[in-house]
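Structural overview for review
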Amino acid sequence: MGQDRCPDTRWAWVEIDKGALRRNTRAFKDLLEPGVRMMAVVKADAYGHGAVQCVKVMRAAGADQFAVATVKEGLELREAGITWPILILSEPPMECVQTLVEHDLMPSVYTQGFALAYGECAAALGKVGKYHLALETGMTRIGVNWKDAVEFRRGIDFHRGLSCAGTFTHFATADVPGDWTFALQFKRFTEAVSAMRGAGIDCGLVHCDNTPATILYPDTHLDMCRVGVGLYGMQPAESTRPHISLDPVMGVRAKVTRVIYPETGAGVSYGLTYTVARQNTQIATIPVGYADGLSRTLSDKMDVLVHGTRCPQVGHICMDQCMFAVDVNTRRAVRPMDEVHYGDVVTILGADGNERITAEEMAKLRGTINYEVTCNFGMRLEKVYV
Ligand SMILES: *Cc1c(COP(=O)(O)O)cnc(C)c1O
């Protein structure tokens, strides 16, 4: 393959396909009725894809607002000159209310003490502190219990420094079609919203859908959908795959830093757990390891792609490097495996020729979900935007 956009300092990198990100964003925007807003979730550095760059692409492709997990993530976006609305998806520590007000970062709110401290700070600075009320409807994670919504709002609404810009909840089982607890959560949520509205309380933008709910339940879009994983081209579950076509955004590549024909019987990597069994086997090294997000649990289980062909990764994955084997005699796929050379491009995640390694494949081998796979690759590898 022609990918060779390697950064100067290391022969390993994450490749972000901006065209795919743009297409995915538009695909979600197209699912929404006109007037329904899209909040792009860019927490954890946009699931490892680089939040600042992703926000710019997503905004141009139709995202209206953004969501992060932490105050620091919000600040990073503001410092990069991003001025669009940003929601922090949980209630931050009380110590940072001034930072929130100064940088116009909206916190999620679910304790009275935090809300009043935030309002107090905003008022002192001559501003109004916008927030979103989080409601607990059954996931048992965060939020004011749905039954207590009216009472909670009455306990903070007297404060002139506060303004409710939104009300939301989060689903525990949106990826399971027809799940009754999903329906129950939605019912509780809409009941709480009705109760607040009935009491003359302004709920702001009302939103509850994550990626799977946005895809599977059009009737629950309400005022806004919070889309995360789908924007990065990953299906949140098998159940959503038939409903939307998405293009993977992240690739991980490296170049071969060393390659040899070891003697038969040679062991590979820490513990020498892999033994070279046959002649004409190359052992090639690439500079990617578990500190780059290539989980050590993948050792001896995963494949890499070279010259469009799968090769088995062998031996324990090290912190910064790992090895793979090339059986030069074996006929794999459509043609004999070529010899691998110093500097050849290796694909760890993504496509090479007709072969592709997906985050889902890696997740399955690791016993986790695709979300974690891309988050992990965001840790240390340099990102190249193509
Ligand atoms: C992470 C998160 C989302 C996005 O979830 P996806 O499944 O990636 O779409 C939405 N809302 C909240 C509250 C979240 O924490």
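This one's a predicted model, so the numbers in the text were calculated from it and none came from an experiment. (Residues numbered from 1 in each chain as written. Predicted model: local features only at pLDDT ≥ 70, side-chain atom pairs only at ≥ 80, totals over all residues. Heavy atoms only, no water.)

**Some details on the site of the ligand**
As a structural note, the neighbourhood of the ligand is formed by 14 residues, with K43, Y47, T211, V229 and Y371 the closest of them. In this structure, an oxygen atom belonging to the ligand sits 2.6 Å away from a side-chain N or O atom of Y47. For the ligand, an oxygen atom lies 3.2 Å from a polar atom in the side chain of R141. For the shell around the ligand, the per-class residue count stands at seven nonpolar, four polar and three charged. (Near = heavy atom within 4 Å. Polar contact = N/O pair within 3.5 Å; in protein donor to acceptor, adjacent residues only side chain to side chain. Nonpolar A, V, L, I, M, F, W, Y, C, P; charged D, E, K, R; others polar.)

**Re the domain arrangement of the protein chain**
With domains assigned, the protein chain is organised as domain 1 (18-232) and domain 2 (250-385). Domain 1 and domain 2 are separated by 39 Å when their C-alpha centres are compared. If you look at the interface, domain 1 gives nine residues, while domain 2 gives eight residues. Between domain 1 and domain 2 lies a buried interface of about 810 Å² when both sides are counted; carbon and sulfur atoms form 67% of it. On the domain 1 side of the interface with domain 2, the three residues burying the most area are Y47, G48 and H49, jointly 50% of the side's total. (Domains from an automatic or database assignment. Contact = heavy atoms within 4.5 Å. Buried area = accessible area lost by both parts, 1.4 Å probe.)

**Side note on the side chain of T137**
Residue placement: T137 occurs in the loop between β6 (129-136) and β7 (144-145). Judged by its relative accessible area of 1%, T137 is buried. Polar contacts involving the side chain of T137 include one to the side chain of T169, which spans 2.8 Å. Other than its neighbours up to four places away in sequence, T137 contacts W146, T169, H170, Q185, R188 and F189. (Helix = DSSP H or I, 4+ residues; strand = E, 2+ residues; numbered from the N terminus. Buried < 20%, exposed > 50% of the residue type's maximum accessible area, 1.4 Å probe, protein only.)

**Quick word on the packing of helix α6 (residues 112-124) against helix α7 (residues 149-156)**
Between α6 and α7, whose axes approach to 10 Å, the crossing angle comes to 35°. Crossing hand, α6 versus α7: right-handed. When α6 is examined against α7, the residues Q112, A115 and L116 are found in contact with a partner set consisting of F152, G155 and I156. Here the residues of the contact of α6 with α7 are counted per class, giving four nonpolar, two polar and no charged. (Axes fitted to C-alpha atoms, helices over the stretch in contact; angles between N-to-C directions. Left-handed = near helix turned anticlockwise from the far one by under 90°.)

**Some remarks on the pattern of salt bridges**
Working definition: two side chains of opposite charge can pair if their charged atoms are close together. Overall, the coordinates contain 15 salt bridges when judged by the stated rule. In this structure, D292 and R10 form a salt bridge, with 2.8 Å as the shortest nitrogen-oxygen distance. Taken together, the positions of D292 in the loop between β15 (281-286) and β16 (303-306) and R10 in the segment before β1 (12-16) put the pair 282 residues apart, joining distant regions of the chain. The structure contains a network of salt bridges with shared partners spanning R10, D292, D320 and R380. (Salt bridge = Lys/Arg side-chain N within 4 Å of Asp/Glu carboxyl O.)

**Quick notes on the side chain of D344**
By secondary structure assignment, the location of D344 is in the loop between β20 (335-336) and β21 (345-352). No salt bridge is formed by the buried D344; its nearest oppositely charged neighbour, K255, is found at 9.0 Å. A distance of 2.8 Å separates a polar side-chain atom of D344 from the backbone nitrogen of H341. With residues up to four places along the chain from it excluded, the contact list for D344 reads A254, K255, V256, H307 and E339. (Lys, Arg positive; Asp, Glu negative; His and termini not counted.)

**A word on α7**
Taken across its eight residues, α7 has six buried, putting it largely inside the fold. Along α7, the residues that are buried comprise A149, V150, F152, R153, G155 and I156. If you follow the buried residues of α7, they end up packed against β5 (106-109), α6, β6, β7, β8 (162-168) and α8 (180-198).

**Here we look at the packing of helix α1 (residues 18-31) against helix α3 (residues 51-60)**
At a minimum axis separation of 9 Å, α1 and α3 run at an interaxial angle of 45°. The orientation of α1 with respect to α3, classified from their angle, is oblique. Regarding α1 and α3, the two cross each other, and that crossing is right-handed. Along its contact with α1, which presents K18, L21, R22 and T25, the element α3 presents C54, V57 and M58. Of the residues belonging to the contact of α1 with α3, the class tally is four nonpolar, one polar and two charged. (Parallel < 35°, antiparallel > 145°, perpendicular 65-115°, else oblique.)

**Things to note about helix α11 (residues 370-377)**
Within α11 the residues assigned to the buried category are N370, V373, T374, N376 and F377. Projected onto a plane normal to the axis of α11, the buried residues spread over an arc of 160° and lie on a single side. If you follow the buried residues of α11, they end up packed against β1, α2 (43-47), β11 (250-255), β21 and α10 (359-366). (Arc of directions from axis to C-beta.)

**Concerning the environment of R296**
Mapping R296 onto the fold places it in the loop between β15 and β16. C-alpha of R296 to C-alpha of I317: the two residues are 21 residues apart in sequence and 5.3 Å apart in space. Not counting residues up to four positions away in its chain, the partners in contact with R296 are Y290, H316 and I317.

**Digging into the packing of aromatic side chains**
Evaluated as defined, the whole model comprises six aromatic pairs. Put simply, the rings of Y47, Y232 and Y371 pair up and form one aromatic cluster. The ring of W84 is capped by R59, whose NZ or CZ atom sits 3.6 Å from the centre of that ring. (Phe/Tyr/Trp six-rings, centres within 6.5 Å; stacked < 30°, edge-to-face > 60°. Lys NZ or Arg CZ within 6 Å of the ring centre and 35° of its normal.)

**Observations regarding the state of the cysteines**
Evaluated as defined, the whole model comprises zero disulfides. The thiol sulfur of C6 is not disulfide-bonded, and the nearest other cysteine sulfur, from C322, lies at 15 Å. (Disulfide = S-S within 2.5 Å.)

**Details of unusual backbone geometry**
A negative phi holds for most residues other than glycine; trans holds for most peptide bonds. A positive phi angle is found at S269, which is not glycine, with a value near 70°. Tracing the sequence through the fold places S269 in the loop between β13 (267-268) and β14 (274-275). Positive phi is not limited to glycine here, since H307 has a value of about 50°. In this fold, H307 is placed in the loop between β16 and β17 (309-314). Relative accessible area serves as the criterion here: at 23%, H307 is assigned to the partly exposed category.

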